[in-house]
Every structure is written in C-alpha cells, then in structure tokens.
Amino acid sequence: SLALAHTDETVQLDRTTGAARLSVENRDGRTATSDLYSAQPLRILLPRPGVGEPMTAVLANLSGGIVGGDLYETDINVGAGASLTLTAQAAEKIYKSSGAEAENRLTMRVAEGAVLEWLPQGTILFDRALFRQRVRFDLAADSTLFAGAISILGRSAMGETFASGRYREHWDLKRGGRLVWVDRFELADPTGVASASSGLRNVTCFATALFARPDAADDLDWARDVQAGAAGDIRCGVTAIDNNLLAMRWLGPDAMRLRNAVGAFWSAARVRWLGLPARMPVIWRI
C-alpha cells in the first residue's frame, strides 16, 4: 500500500486511498446486488453463502495492511426487506507510522425491515501505529443490526506490544434519524494506560458488539447469561442503552481466548436474534 518516490532531498511515501460501495435490495423475497463498486486496494467479494445463510459480502484489503496516511472509505446500503452478512477476509493490520495518521471510514445504512450482520475479523495495532476508525450506522425505525469489532493491541504471539502510538475508534448509531448511541475510544499513551489500575491493566485486546432492534432490551438477561460462559480471564458485560439497543463488551489478556468468547456468544446470538445457524461465517473458520 505504499511506494517510494526518490528525490534529491528526501524519500516521500505515496499513500493509498481505497473505496468500496455495496447496495443490496429485496427482489421478490431474495436479496440481490443493486450497486457494487471498489477502488484498489479494497475489494468486495460475494461468495456463495452457506445453507441457511443470507447473502454474504467479504471486504478485502489487497494491500495486506494499512500504513500512516492511508484513507479507506466503505459504504454499505441494505435496502428495505433485504438481509446481508458483512465480514472481512482477514484481520486488518495497522503498521507503524512515520508520522501521518491512517483512517478507515465505514458507513452502513439499514432500511425498513432490513437486517445487517457485521463482523470483521479484527484490527491488529502494530507498535507506533497511528490509526483512526470511524463507524456510522443509520438505521430505520424497524430495521435490525447485529454488529461487532475486535481490537488487538500488538501481536502477543510474536512477543510484540502496542507500546507507543495512537488508536481512535469512533462509533455513532442513528435510529430513525435520531442519534441514540455514541462511543469514543481514544488511546494515546498505551504504556501509561496499561499500567493504570483504572485503565487497560493486563488487557491486550477488547471487543464491542451492538444489537439494535425495537425489542432488543428484552434479551438483556439472556445476553448476560450467555456471556457468563466466557473464560475466567475474559471480562465482559452487557448494557441496555434503551429498549432498542444492547451494547456488549469483552476485555482480555489473550486475543485467541477473547476471539473464542466473542465467537461463542455470536453463534448463540445469531440463532436467537437473526434466525441463522449457530456458527460463525465460513471465512472465520478458514
């Protein structure tokens, strides 16, 4: 995702700007593509869904990762009565920056009676990465959203840590044009926060999930019971924001155990909330 341009005085880096857009609609009870566009290095793949699965889209970054100064924009539209599962080809790697911040912007609109399931494979922050991710959801009054993301602070299996850099994750959710949930995560001093008892002590990874539907809060106790089955060192919780929204969190010291905890919850929840098979998307199991 970068190339070297040599001059007499310095080495300048050409950064990447990628874009992807997908719109789906309901055609006689079947979800079909109405608009598909991508600009390198982003690509949207449409594999054949498994038995019992809705239309599935896989977002791929062909550059292999994001570096400082890169800008990616993805726009997803799920039309009235349509259903879509959106995931990613692999965990997104955010490499160290020489000074410029990289940014990933995702906008997802879900129309009347539509369903969107969104679960990328995770974001891995390398040491000295500078990264901002902005996620915006725009939901109709009776649409359904089940969305989540996993953040990993360094590749612990490789003995790496996210000791310096900056990570900003901003989520906004609107329902019927009204802003109902805002989440701002700002990590600018990884070493300092990791050592604070009130901060991310022993936490190297965390996940957030949202379930939005007019009756979402009715399942607050159920969601807490399912989360309780997570490994002992995975801290987790569920909050009802209002009658229409549940927010789930996981924090832990090991990315694989956290991923397993999220996967177990997700598999159970997609049966109850979406009427789908009790399994993660196929791309997650490859």
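See the structure shown above.
Source: prediction; values computed, not measured. (Residues numbered from 1 in each chain as written. Predicted model: local features only at pLDDT ≥ 70, side-chain atom pairs only at ≥ 80, totals over all residues. Heavy atoms only, no water.)

Chemist: Before we go on, may I ask you to explain the overall build of the chain in this structure?
Modeler: Along its length, the chain carries three helices and 19 strands. A compact globule built from 286 residues should have a C-alpha radius of gyration of about 19 Å, and the chain, at 19 Å, falls within 12% of that. Overall size of the chain, expressed as C-alpha extent along the three principal axes, is 60 × 45 × 35 Å. Taken across its 286 residues, the chain has 47% of its residues classed as buried. Considering only intrachain contacts with a sequence separation of at least 6, the fraction spanning at least 24 residues in the chain is 69%. When the accessible surface of the chain is totalled, it reaches about 13,100 Å², and 49% of it is carbon and sulfur. (Helix = DSSP H or I, 4+ residues; strand = E, 2+ residues; numbered from the N terminus. Rg over C-alpha atoms; globule rule 2.2 N^0.38 Å. Buried < 20%, exposed > 50% of the residue type's maximum accessible area, 1.4 Å probe, protein only. Contact = heavy atoms within 4.5 Å. Areas by Shrake-Rupley, 256 points an atom, 1.4 Å probe, with all protein chains shown as cover.)

Chemist: I would appreciate a short explanation of the pattern of salt bridges in the present structure.
Modeler: For side chains of opposite charge, pairing can occur when their charged atoms come near one another. Taken as a whole, this structure holds 19 salt bridges when the rule is applied. Note that arginine 109 and aspartate 75 form a salt bridge whose closest N and O atoms lie 2.8 Å from each other. A residue pair is termed long-range when its members are at least 10 positions apart, and arginine 109 in strand S10 (residues 102-110) and aspartate 75 in strand S7 (residues 71-78) qualify at 34 residues. Here aspartate 183 and arginine 249 are joined by a salt bridge, their closest N and O atoms 3.0 Å apart. (Salt bridge = Lys/Arg side-chain N within 4 Å of Asp/Glu carboxyl O.)

Chemist: I would appreciate a short explanation of the sheet that holds S10 in the present structure.
Modeler: A sheet is described by the order of its strands in space; here seven strands give the open sequence S4-S3-S7-S10-S13-S15-S16, paired in mixed fashion. For this open sheet the edge positions go to strand S4 (30-39) and strand S16 (178-187), each flanked by a neighbour on one side alone. The average angle at which neighbouring strand axes cross in this sheet is 10°, direction not considered. Direction of pairing for S7 relative to S10: parallel, over a ladder of eight bridges. Each bridged residue has a counterpart across the sheet, and for isoleucine 76 the counterpart in S10 is methionine 108. (Pairing = 2+ DSSP bridges. Axes fitted to C-alpha atoms, helices over the stretch in contact; angles between N-to-C directions.)

Chemist: Help me understand the nonpolar core, please; the structure alone is not making it clear to me.
Modeler: One recurring pattern in soluble globular proteins is that nonpolar side chains are buried together. Core analysis: the biggest nonpolar cluster contains 47 residues, and Val78, Leu84, Met108, Trp118, Phe137 and Leu173 have the highest contact counts within it. By size, the runner-up hydrophobic cluster in this structure holds 29 residues, among which are Phe146, Ile152, Cys205 and Ala207. (Core = buried A, V, L, I, M, F, W, Y, C linked by side-chain atoms within 4.5 Å.)

Chemist: I'm lost on the environment of phenylalanine 126 in this one. Help?
Modeler: In this structure, phenylalanine 126 sits in the loop between strand S12 (123-125) and strand S13 (130-139). Since its relative accessible area comes to 14%, phenylalanine 126 is described here as buried. As a C-alpha pair, phenylalanine 126 and glycine 64 span 62 residues in sequence and 13 Å in three-dimensional space. Leave out the neighbours within four places in its chain, and phenylalanine 126 touches Lys93, Ile94, Tyr95, Lys96, Arg155, Glu160 and Phe162.

Chemist: Help me understand helix H3 (residues 255-274) in this model?
Modeler: What sets the pattern is the α-helix's 3.6 residues per turn: residues three or four places apart point alike. Leu258, Ala261, Val262, Gly263, Phe265, Trp266, Ser267, Ala269, Arg270, Trp273 and Leu274 are the residues of H3 that are buried. The secondary structure elements touched by the buried residues of H3 are strand S8 (83-88), strand S11 (115-119), strand S14 (144-153), strand S17 (205-212), helix H2 (220-227) and strand S19 (245-252). Looking at where H3 begins, the residue whose side-chain oxygen comes 3.2 Å from the main-chain nitrogen of methionine 256 is aspartate 254. Following H3 by one or two positions, glycine 275 adopts a phi angle in the positive range, close to 70°. (Polar contact = N/O pair within 3.5 Å; in protein donor to acceptor, adjacent residues only side chain to side chain.)

Chemist: Sorry, what's going on with unusual backbone geometry here?
Modeler: Among all residues except glycine, the phi angle is most often negative; among peptide bonds, the trans geometry is most common. With an omega of 10°, the peptide bond running from glutamine 40 to proline 41 counts as cis. When you line up the elements, proline 41 lands in the loop between S4 and strand S5 (42-45). Here the phi dihedral of aspartate 28 falls at roughly 55°; this positive angle occurs in a residue that is not glycine. Along the chain, aspartate 28 falls in the loop between strand S3 (17-27) and S4. The phi torsion at arginine 128 lies on the positive side, around 75°, for a residue other than glycine.

None of the figures reported here should be taken as evidence of function without further support.
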